[in-house]
Amino acid sequence: MNSEFKTIALIGRYQSPEVADAVLRLANHLRDRGLKVLIEQGTASATGLTAGYAVASYEDIGVNADLAIVLGGDGTLLNSACRLAEYEVPLAGVNQGRLGFLTDISRDEALTKVDEILAGKYTEESRVLLDAEVIRAGKRVFHTVALNDVVVNKGELGRMIEFDLRIDGEFVYTLRSDGMIISTPTGSTAYALSANGPILHPNVAGIALVPMCPHTLTARPITLPDHCRIEIVLLPPHDSRVHFDGQTRYDTRAGDTVRIARAPHQVKLLHPPGYSYFAMLREKLQWSSTPRHG
C-alpha cells in the first residue's frame, strides 16, 4: 500500500440513493485496509451512511484527504473537481453514470483499480480550469470556476443575442448567434463537440471558442492559447444566461461583460494502469477501432 494515501474521501452522485451499495462496498474495502475514510456529507445523507464513518464537508475533504474517489457520472466529478481544485486533492472517478469521459474506472472493476491506485500504480494528469466572472457597471456580481465550459446563450429567449468578443482587450468581432461556448480541452468532448467544435487533447494548452448557430457562416470555432483573457460584452437590448459546466447558471443583462481566463488552480486526475485517452475516445464516441477493407 502506498503511504502517500492515508485518508480517502468518497463522494457519490448527488441525491442518488442507488449509489449507496457502491459507496458502502468501497468504504468497507478501504477501512479493511487500515485507511481512514471520509464520506462527503451530501453523499452520507443521500445514502444513509451517517454512522460508522466520518462525515465531511468539501472543505474538510480539501484540508484532510489525500485522495477523493468520486462514484457517479461526469457531472459528479465536475462538481467535485471545481470544489476541491484549490486544495489540490487528486481525484479518481468510478463511473456510475452513462458516458464517463472523466470517470474512467468501471463499476465492476472499482475495487481492483482503486487498489492499484493506492499501490502507486497510476498516471497523474492535470486539467485546466476556467475562472469566470460577470462584470456589471464595473463591479463583479458573480464569480465561479468551470472544468468543462462556460456557455453564454440566449436563455429562454426565442431570438438570437448579440455580443462583442474581445481577446486580451482587443476587439475581435460582433456576433449575432444563439451564444458562445468557451471550452477547456476537458470540455471539448462535451457541449462544444455537439456544436462542431474541435477535440482538444488534455495536454494542449488551449481554450476553444465555439459559436452556437451563428448568423454568419464565417464565424468558425477558434482555439486560443490558454493565457488569453476572453470577454463577451452583451449588447442591448438582449439579456442572456450563462451556464458553468451545465450545473450553475447566472442571468446576465444587456451591458454585462462575461470575463473568462485560465484559473490559477488545476484539477489532478489519477488514472489506473491501462488508461488511454484515445481508447476512451474510441469507446465513448464509438469510433471504429480497426479499419474496414473491401
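Quick look at the structure, then. (Residues numbered from 1 in each chain as written. Predicted model: local features only at pLDDT ≥ 70, side-chain atom pairs only at ≥ 80, totals over all residues. Heavy atoms only, no water.)

## Describing helix 1 (residues 20-32)
An α-helical turn contains 3.6 residues, so any two residues separated by three or four positions project in the same direction.
And step 1. Compared with the 18 Å implied by 1.5 Å per residue over 13 residues, the 18 Å span of helix 1 between its first and last C-alpha is a close match.
And step 2. Elements in contact with the buried residues of helix 1: strand 1 (7-12), strand 2 (36-40), helix 2 (41-47), strand 4 (67-72) and helix 5 (110-118).
And step 3. Directly beyond the C-terminal end of helix 1, a positive phi value near 80° is found at Gly-34. (Helix = DSSP H or I, 4+ residues; strand = E, 2+ residues; numbered from the N terminus. Expected span 1.5 Å × (residues − 1). Contact = heavy atoms within 4.5 Å.)

## Here we look at the side chain of Asn-153
And step 1. When you line up the elements, Asn-153 lands in strand 9 (residues 149-153).
And step 2. Relative accessible area serves as the criterion here: at 14%, Asn-153 is assigned to the buried category.
And step 3. Here the side chain of Asn-153 touches Gly-155 through a polar contact of 3.0 Å, landing on its backbone nitrogen.
And step 4. Sequence-distant contacts of Asn-153, that is, excluding residues within four places in its chain, are made with Ile-161, Asp-178, Gly-179, Met-212, Ser-240, Arg-241 and His-243. (Buried < 20%, exposed > 50% of the residue type's maximum accessible area, 1.4 Å probe, protein only. Polar contact = N/O pair within 3.5 Å; in protein donor to acceptor, adjacent residues only side chain to side chain.)

## Brief notes about the nonpolar core
And step 1. In terms of nonpolar packing, the biggest core is built from 28 residues, with Val-150, Met-180, Ile-182 and Ile-232 touching the most fellow members.
And step 2. Looking at this core, the element that brings in the most residues is strand 10 (residues 161-167), giving four residues.
And step 3. Setting aside residues up to four positions removed in sequence, Ile-232 forms contacts with Val-152, Phe-163, Asp-164, Leu-165, Met-180, Ile-182, Asp-256, Thr-257 and Val-258.
And step 4. In terms of nonpolar packing, the next biggest core, distinct from the first, is built from 27 residues, Val-19, Ala-27, Leu-67 and Leu-270 among them. (Core = buried A, V, L, I, M, F, W, Y, C linked by side-chain atoms within 4.5 Å.)

All quantities given are derived from atomic positions and should not be read as evidence of function.
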